[in-house]
Amino acid sequence: QVQLVESGGGLVQPGGSLRLSCAASGFTFSLYAMNWYRQAPGKERELVAAISSGGSTNYADSVKGRFTISRDNGKNTVYLQMNSLKPEDTAVYYCNARRLLDFWGQGTQVTVSS
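All figures in this text were calculated on a predicted structure; none of them were measured in a lab.

(A) Seen up close, the overall build of the chain. Each helix and strand in the chain was counted, giving zero helices and eleven strands. Expected size for 114 residues packed as a compact globule is a radius of gyration near 13 Å; at 13 Å, the chain falls within 12% of this value. Viewed in the frame of its principal axes, the chain has a C-alpha envelope of about 40 × 25 × 25 Å. Counting only residues that meet the buried cut, the chain has 41% of its 114 residues in that class. In the chain, the share of contacts with a sequence separation of at least 24, taken over all contacts with a separation of at least 6, comes to 53%. Looking at the chain as shown, the accessible area adds up to about 6000 Å², and 46% of this sits on carbon and sulfur atoms. Side chains of the chain carry 11 positive and 8 negative charges; the gap between the two charge centres is 5 Å.

(B) Up close: the sheet that holds strand 8 (residues 77-82). The sheet built from four strands is open, its strands ordered 1-3-8-7 with antiparallel pairing. The strands lining the two open edges of the sheet, one partner per strand, are strand 1 (3-7) and strand 7 (67-72). Taking the axes of each pair of neighbouring strands and ignoring which way they run, one obtains an average angle of 15° across the sheet. Where strand 1 lies against strand 3 (residues 18-25), five bridges are found, and the strand directions are antiparallel. When the sheet's bridge partners are listed, L4 is paired in strand 3 with A24.

(C) Seen up close, the pairing of strand 9 (residues 91-98). The buried fraction of strand 9 is high, at six of eight residues. By the bridge criterion, seven bridges tie strand 4 (residues 33-39) to strand 9 in an arrangement that is antiparallel. In the strand pairing of strand 9, R38 is matched with Y93. Alignment of strand 9 against strand 11 (residues 108-112), held across three bridges, turns out to be antiparallel. When the sheet's bridge partners are listed, A91 is paired in strand 11 with V110. Alignment of strand 9 against strand 10 (residues 102-104), held across three bridges, turns out to be antiparallel. The residue of strand 10 that forms the bridge with R98 is D102. Where strand 9 hands over to strand 10, the hairpin turn is made up of three residues, counted between the paired strands.

(D) Examining the pattern of salt bridges more closely. Applying the stated criterion to the full structure yields five salt bridges. Across the pair D61 and K64 runs a salt bridge whose closest N-O atoms are separated by 3.2 Å. The exposure class of D61 is exposed, given its relative accessible area of 65%. In this structure, a network of salt bridges that share partners links the residues R38, E46, R66 and D89.

Criteria and cut-off values
- Residues numbered from 1 in each chain as written.
- Predicted model: local features only at pLDDT ≥ 70, side-chain atom pairs only at ≥ 80, totals over all residues.
- Heavy atoms only, no water.
- Helix = DSSP H or I, 4+ residues; strand = E, 2+ residues; numbered from the N terminus.
- Rg over C-alpha atoms; globule rule 2.2 N^0.38 Å.
- Buried < 20%, exposed > 50% of the residue type's maximum accessible area, 1.4 Å probe, protein only.
- Contact = heavy atoms within 4.5 Å.
- Areas by Shrake-Rupley, 256 points an atom, 1.4 Å probe, with all protein chains shown as cover.
- Lys, Arg positive; Asp, Glu negative; His and termini not counted.
- Charge placed at Lys NZ, Arg CZ, Asp CG, Glu CD.
- Pairing = 2+ DSSP bridges.
- Axes fitted to C-alpha atoms, helices over the stretch in contact; angles between N-to-C directions.
- Salt bridge = Lys/Arg side-chain N within 4 Å of Asp/Glu carboxyl O.

Scope: geometric values only; no functional claims are made or implied.
In structure tokens, the structure reads:
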């Protein structure tokens, strides 16, 4: 059974940091590209950061220089380090695994507010 379980979301003040984690099971994690998406109220889901099976990374322009995606294949976990958070980063953040199929986590809420 495939599972992606996100954790690490919460309420943080502008300028603060959070680290999201996504623990994967039920598939060969190292073979999959791993992605973080987010969806704010009333907006479409958007790709925030991606890391390939080989470790190459890509970021949305809105988070470049502030967010860092990484993966630990030994722990079957992908991370999203988020620094210098802004109110516009407020969204539900979803973990995604992609190869021939797409797997999704349930999402974790990130709220940036003073």
